[in-house]
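Results of the structural survey
These are the residues of each chain, in order.
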Amino acid sequence: MWRLSLLDWIRIGLLVLGLVFVATGLLPWEAAAESLDEIWPLLIFLVAVIVLAELTKEAQVFDAIAARMAVLGRGNYAALFLLCTAFASFVTIFLNLDTTAVLLTPVMLALAPKARIAPLPLAMTTIWLANTASLLLPVSNLTNLLAMDKLGLDAQEFAARMWAPQIAAILVTMAFLWAFFWRRGERGDLRYSPPVLEPVGDRALFGAASAGCLLFIVLLLLKAHVAVAAGAAAALVLAAFLLRARERLSWRLFPWQLVVFVTGLFLVVPTLSRHGLADLMTWMIGAEGDPYRTAAVGAGLSNAINNLPAYKAVEGVIPAADQDRLLSLLVGTNVGPVVTPWASLATLLWFESCRRHEVRVPMRRFLLTGAGLAVVGLVATVWAL
């Protein structure tokens, strides 16, 4: 237990606080049961998609794609930039932003010394696009999944509303990435050295993991429930590891931290909403239904307290019929959390990954460029919405 990180203790504390609220009657049992009943399919999805992503990384799928991108770029930074942004956006859209932050970041940072590339541009590409590329599909971000019941949209209808905002968010992010991290004056070198491709350790596991990711995407396109799609894909890859590399499976694959955090969140926020938080949120977003103001409040709260509690706090005071404002709130809580290190779980996990790989992130630069991206990104994305 003493090996738990500070973030782990905060998650546990949030769950304990939620249980205290239920035990003392501040949150009635019926309300607590209703809130938890809402999230169990989301928790199944979260566990399954994280296991799928972890095993996909273990099978070297991400490593192989990253190395081949660097080879395909042939030493040209502009080509590598386009490939990296496309890869990070694709992983975020289909495999969730936490996959990009937690699993793709180490892959990209490991690629940097092999190709003699500065690691910071690669790291910033993963974390910014982990947030800003998470608008298109319900599975891209937990906030999207939380919104689906209230929005009354299926995955295809959601994508039909969000494709234009998603393109706007990615384009603005690419402009900021190039201007502040990727252009020659920032990166230093004219060209990079393409790495030598290394053979995949186990082709059977590589094939099974690739098939699992494709199965997940196909099931989503066929309108399968996200928990069913992620569960089937994770089961396929898990079965391959049980047959080929059982020793590489451990309980560490189970993302208990996310389960604890989300469960606690769904007990604490409803309690606070019953005791004054809802009135405060109504005052903050205003009664006139301005989508820009709603997005700004979502972004501001996300950078102050984290995007998940920010979304839950504001969503509760927006009528289900006001679809535009609910989607504007998603823009704020997805695109906006790029300023502070605690604005999203993905950013917290990304900072930890950078620390382990000894990549220094200049905090003043991170805050200022993130603030610029948040402001310009929100305006452009809400306009596109």
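Residues numbered from 1 in each chain as written. Predicted model: local features only at pLDDT ≥ 70, side-chain atom pairs only at ≥ 80, totals over all residues. Heavy atoms only, no water.

1. Considerations on the packing of helix 6 (residues 119-132) against helix 8 (residues 155-182)
Where helix 6 meets helix 8, the closest approach of the two axes is 10 Å, and the angle between their N-to-C directions is 160°. Here helix 6 lies roughly antiparallel to helix 8, going by the angle between them. Crossing handedness for the pair helix 6 and helix 8: right-handed. Contacts from Leu120, Pro121, Leu122, Met124, Thr125, Trp128, Leu129 and Thr132 in helix 6 reach Gln166, Ala169, Ile170, Thr173, Phe176, Leu177, Phe181 and Trp182 in helix 8. (Axes fitted to C-alpha atoms, helices over the stretch in contact; angles between N-to-C directions. Helix = DSSP H or I, 4+ residues; strand = E, 2+ residues; numbered from the N terminus. Parallel < 35°, antiparallel > 145°, perpendicular 65-115°, else oblique. Left-handed = near helix turned anticlockwise from the far one by under 90°. Contact = heavy atoms within 4.5 Å.)

2. Some details on the confidence of the model for the chain
Chain-level pLDDT for the chain is 87 on average; 98% of the residues reach the 70-or-more range. Here helix 9 (residues 184-187) stands out as the least confident element of the chain, with mean pLDDT 69; helix 17 (residues 363-384) is the most confident, with 96. (pLDDT = per-residue confidence, 0-100.)

3. Some thoughts on helix 10 (residues 203-221)
Side chains of residues three or four places apart in an α-helix project in the same direction, reflecting 3.6 residues per turn. Its 19 residues give helix 10 an end-to-end C-alpha distance of 27 Å, which sits within 8% of 27 Å, the value for a rise of 1.5 Å per residue. Of the residues making up helix 10, those classed as buried are Leu205, Ala208, Ala209, Gly212, Cys213, Phe216, Ile217, Leu219 and Leu220. Residues of helix 10 that are buried make contact with helix 2 (29-58), helix 3 (61-73), helix 4 (77-95), helix 8 and helix 11 (226-244). The residue sitting at the N-terminus of helix 10 and contributing the capping side-chain oxygen is Asp202; that oxygen lies 3.0 Å from the backbone nitrogen of Ala204. Residue Lys223 follows helix 10 closely and has a positive phi angle near 70°. (Expected span 1.5 Å × (residues − 1). Buried < 20%, exposed > 50% of the residue type's maximum accessible area, 1.4 Å probe, protein only. Polar contact = N/O pair within 3.5 Å; in protein donor to acceptor, adjacent residues only side chain to side chain.)

4. Quick look at the side chain of Asp202
Tracing the backbone through its elements, the reader meets Asp202 in the loop between helix 9 and helix 10. In terms of polar contacts, Asp202 uses its side chain to reach the backbone amide nitrogen of Leu205, at 3.1 Å. Within the local environment of Asp202, its side chain forms a polar contact with the side chain of Arg244, the two groups lying 3.2 Å apart.

5. As for the pattern of salt bridges
Here the structure, examined in full by the defined rule, presents 5 salt bridges. Its salt-bridge partner being Arg244, residue Asp202 comes within 3.2 Å of it at the nearest N-O pair. Taken as a pair, Asp202 in the loop between helix 9 and helix 10 and Arg244 in helix 11 lie far apart in primary sequence, 42 residues in all. (Salt bridge = Lys/Arg side-chain N within 4 Å of Asp/Glu carboxyl O.)

6. A look at the packing of aromatic side chains
Applying the stated rule across the entire model yields 11 aromatic pairs. Here Tyr77 and Tyr192 contribute two aromatic rings whose centre-to-centre distance is 5.4 Å and whose plane-to-plane angle is 70°, an arrangement assigned as edge-to-face. Of this pair, Tyr77 sits in helix 4 while Tyr192 sits in the loop between helix 9 and helix 10, and the two are 115 residues apart along the sequence. With respect to class, Tyr77 is no different from Tyr192; both count as buried. Among the aromatic residues, those joined into a cluster by ring pairs are Tyr77, Phe81, Trp178, Trp182 and Tyr192. (Phe/Tyr/Trp six-rings, centres within 6.5 Å; stacked < 30°, edge-to-face > 60°.)

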